[in-house]
Amino acid sequence: MTEYLNFIDGRHVAGRGPAFANHFPTTGEVIGEIRSADRDQVDEAVGAARRALKGPWGRMSLAERVGLIRKLADGINARFDEFLAAEIRDTGKPRSIASHIDIPRGAANFNVFADQVMTLATESFEMATPDGAGALNYAVRDPRGVIGVICPWNLPLLLMTWKVAPALACGNTVVVKPSEETPATATLLGEVMNAVGIPPGVYNVVHGHGVGSAGEYLTQHTDVDGITFTGETRTGEAIMAAAAKGVRPVSLEMGGKNAGIIFDDADFEKTMEGIGRACFANTGQVCLGTERIYVQRGIFDRVAEGLAAKAAAYRFGDPFDPATTMGTVISAKHRAKVLGYYDRAREGGATILAGGGAAGVKGYEGGYWVQPTVWTGLPEDSPVIRDEIFGPCTHLQPFDTEEEAIALANDSRYGLATSIWTEGLGRAHRVARQIDVGIAWVNCWFLRDLRTPFGGAKASGIGREGGVHSMEFYTELRNICIKL
Ligand code: NAD
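This text gives an overview of the structure that appears in the document.

Rules and cut-offs
- Residues numbered from 1 in each chain as written.
- Predicted model: local features only at pLDDT ≥ 70, side-chain atom pairs only at ≥ 80, totals over all residues.
- Heavy atoms only, no water.
- Helix = DSSP H or I, 4+ residues; strand = E, 2+ residues; numbered from the N terminus.
- Rg over C-alpha atoms; globule rule 2.2 N^0.38 Å.
- Buried < 20%, exposed > 50% of the residue type's maximum accessible area, 1.4 Å probe, protein only.
- Contact = heavy atoms within 4.5 Å.
- Areas by Shrake-Rupley, 256 points an atom, 1.4 Å probe, with all protein chains shown as cover.
- Lys, Arg positive; Asp, Glu negative; His and termini not counted.
- Charge placed at Lys NZ, Arg CZ, Asp CG, Glu CD.
- Near = heavy atom within 4 Å.
- Polar contact = N/O pair within 3.5 Å; in protein donor to acceptor, adjacent residues only side chain to side chain.
- Nonpolar A, V, L, I, M, F, W, Y, C, P; charged D, E, K, R; others polar.
- Axes fitted to C-alpha atoms, helices over the stretch in contact; angles between N-to-C directions.
- Parallel < 35°, antiparallel > 145°, perpendicular 65-115°, else oblique.
- Left-handed = near helix turned anticlockwise from the far one by under 90°.
- Patch = residues over 30% accessible without salt bridge, like charges linked within 9 Å, V, L, I, M, F, W, Y side chains within 5 Å.
- Salt bridge = Lys/Arg side-chain N within 4 Å of Asp/Glu carboxyl O.
- Arc of directions from axis to C-beta.
- Core = buried A, V, L, I, M, F, W, Y, C linked by side-chain atoms within 4.5 Å.
- Pairing = 2+ DSSP bridges.

## Quick word on the overall build of the chain
Across its full length, the chain holds 16 helices and 23 strands. Rg of the C-alpha trace for the chain: 23 Å, near the compact-globule value of 23 Å for 484 residues, within the 12% margin. Every one of the 484 residues in the chain was classed for burial, and the buried ones make up 57%. Partitioning the contacts of the chain with sequence separation of at least 6, the portion at a separation of at least 24 is 74%. A total accessible area of about 19000 Å² is found for the chain, and carbon and sulfur atoms account for 53% of it. Computing the positive centroid from 48 side-chain charges and the negative centroid from 57, the chain places the two 3 Å apart.

This is the structure we're talking about:
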């Protein structure tokens, strides 16, 4: 049994708030206890972060700070197996995913933003003045201050360092509230912070839930200067309302109901490989995942058959076994939500091409298993097609014309990502430009250059992070005008 401690002012401390259990999703067993931070402890964490801004961290040269940030990447890599095991036990995700994506990118984020901050330029303008002397304007970037970081459970370390790395690179301090489902890697990172010499108070972790708990205490705390959040759109709305008090900026990366569009000139094999991953990777618990696919009518049956075969090929099992390709969903509660949509699809008259229910896995009967599922035949107003399910499932719908595909893809309150599959160059550019999303992939999915803008349109987000765009959020840009 692990006890997950908070990390405040450089020390791991027990929470004074209510305790709750941490489960291993593969078996349903209780493997740990999380003692949440109470309101006073969140206040202590914010206070420590504020003091650290004025302490050695605030006085450090950029080169020194960047040196320490690179050591964080090295520090995670040096304890790679520990981070890997912690992430797998929290999420139940297969080693094949966590060892290729979660932990390497969780570490790499520190180097990416160390590079970014070293090449960050600002503008300058010379101007004329009536007396002929002139003036020089130049902009400078200062840290925004104390950043509240609210994280989800689907890619815990990766999505947390995606925010913590640029925040620290820009000289801010952070208070992180990890998901109540996945406390482990954020806690472990505290040890790495101390080991590499990050001053106390720069990185703090408070555990707990959202409403009436550490999440709300943190976002409502007016000494937090900015809030960066990844999670559900509904939660983002609550956080935006909390941030209005004190007029504090937010960066929100939220839900999606992403459409894939497959044209009849697509390379069939490559498309099936890519779209299969887009539907089922991480048991469908990826904000960028594809839960609705529009397929040009001439190839519809072939795609339906191909995708059903992809779904059937996944192997459940021990997530530590390299042969396992699909894990559980995160919790019993989330499985109930996903299976609720499976029921609605059936009741709504869907044709089930693959899966369709819970899965049973011998030896792991208590785990939160769900079958990878492919449907067709539902009307576009079905909740299965409107709502983000966040499970390993997708719905196929035929279309005839390019215009129709664009209209169907855009008919959603969300606007995070799309993937377009075609060998037509003109069509690729034309369609990508017309889908109302933050990220359009053509003939690929989840191909990420971390310098590019990342974020959602419509109800999927506010702001962009990644590369220089993260620098925009994590700094305050100020102009200095010197009369010459
Ligand atoms: P969630 O919104 O339920 O929880 C996210 C975090 O917010 C948790 O730490 C939670 O404790 C906290 N929280 C909840 N209510 C709060 C409140 N009122 N005030 C402050 N904090 C609060 O999301 P989740 O279930 O953990 O994650 C899944 C969701 O995340 C999906 O909607 C998915 O699309 C989205 N997501 C988006 C991206 C992206 O980049 N756009 C990436 C990953 C996940």
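## A look at the site of the ligand
Around the ligand sit 32 residues in total, of which Cys151, Lys177, Glu180, Thr235 and Glu388 are the nearest. In the environment of the ligand, an oxygen atom lies 2.6 Å from a nitrogen or oxygen atom belonging to the side chain of Glu180. Separating an oxygen atom of the ligand from a side-chain N or O atom of Glu388 is a distance of 2.5 Å. Relative to its unbound accessible surface of 850 Å², the ligand loses 92% to contact with the protein. Mapped onto the shell around the ligand, the elements with two or more residues apiece are helix H8 (214-219), strand E11 (226-230) and helix H9 (233-244). A breakdown of the residues in the shell around the ligand according to their chemical character gives 15 nonpolar, eleven polar and six charged.

## Notes on the packing of helix H3 (residues 62-78) against helix H6 (residues 156-169)
The N-to-C vectors of H3 and H6 enclose an angle of 165°; their axes lie 10 Å apart at closest approach. As judged from the angle between their axes, H3 and H6 are roughly antiparallel. Judged by the sense of rotation from one axis to the other, the crossing of H3 with H6 is right-handed. Across the interface between the two elements, Leu62, Arg65, Ile69, Leu72 and Ile76 from H3 touch Leu157, Leu168 and Ala169 from H6. Residue composition of the contact of H3 with H6, by class: seven nonpolar, no polar and one charged.

## Regarding a nonpolar patch on the surface
A cluster of nonpolar side chains, namely Tyr138, Ile482 and Leu484, defines an oily patch on the protein surface of about 270 Å² accessible area. Among the secondary structure elements, Tyr138 is positioned in strand E7 (residues 135-143). For Tyr138, a relative accessible area of 32% corresponds to the partly exposed category.

## Remarks on helix H15 (residues 425-434)
Helical geometry: 3.6 residues make up each α-helical turn, so side chains three or four residues apart lie on a common side. Those residues of H15 lying buried are Arg427, Ala428 and Val431. When H15 is viewed along its axis, its buried side chains cluster within an angular range of 100° and face the same direction. Along H15, the residues that are exposed and aim more than 90 degrees away from the buried face are Leu425, His429 and Arg433. Summarising the contacts, the buried residues of H15 are in contact with strand E13 (258-262), strand E14 (290-296), helix H14 (402-410), strand E19 (417-421) and strand E20 (439-442).

## Thoughts on the nonpolar core
Core analysis: the biggest nonpolar cluster contains 85 residues, and Phe110, Tyr203 and Leu288 have the highest contact counts within it. Ranked by the residues each element gives to this core, the list is headed by H6, at eight residues. In terms of nonpolar packing, the next biggest core, distinct from the first, is built from 27 residues, Tyr342, Leu378, Ala409 and Val431 among them.

## Here we look at the sheet that holds E13
Strand order in the open sheet formed by seven strands is E15-E16-E17-E14-E13-E19-E20, and the pairing between neighbours is mixed. Edge strands, defined here as strands with exactly one partner in the open sheet, are strand E15 (351-354) and E20. Neighbour-to-neighbour, the strand axes of the sheet open up by a mean angle of 25°, direction not taken into account. Two strands pair when backbone bridges link them, and E13 and E14 are joined in this way by five bridges, in the parallel orientation. When the sheet's bridge partners are listed, Gly260 is paired in E14 with Ile293.

## A short note on the pairing of E19
With respect to burial, E19 is a largely interior element, five of its five residues being buried. Judged by which residues are buried, E19 turns out to be covered on both faces: Ala417, Ser419 and Trp421 on one side and Thr418 and Ile420 on the other are all buried. When E13 meets E19, the two strands line up parallel, connected through four bridges. By the bridge assignment for E19, Gly260 is matched with Ser419. Note: E19 against E20, four bridges, orientation parallel.

## Concerning the packing of H14 against H15
Direction vectors running N to C along H14 and H15 enclose 30°, while the axes themselves pass 10 Å from each other. The angle between H14 and H15 places the two elements in the roughly parallel class. The element H14 and its partner H15 pack so that their crossing is right-handed. Contacts from Glu402, Ile406 and Asn410 in H14 reach Arg427, Arg430, Val431 and Gln434 in H15.

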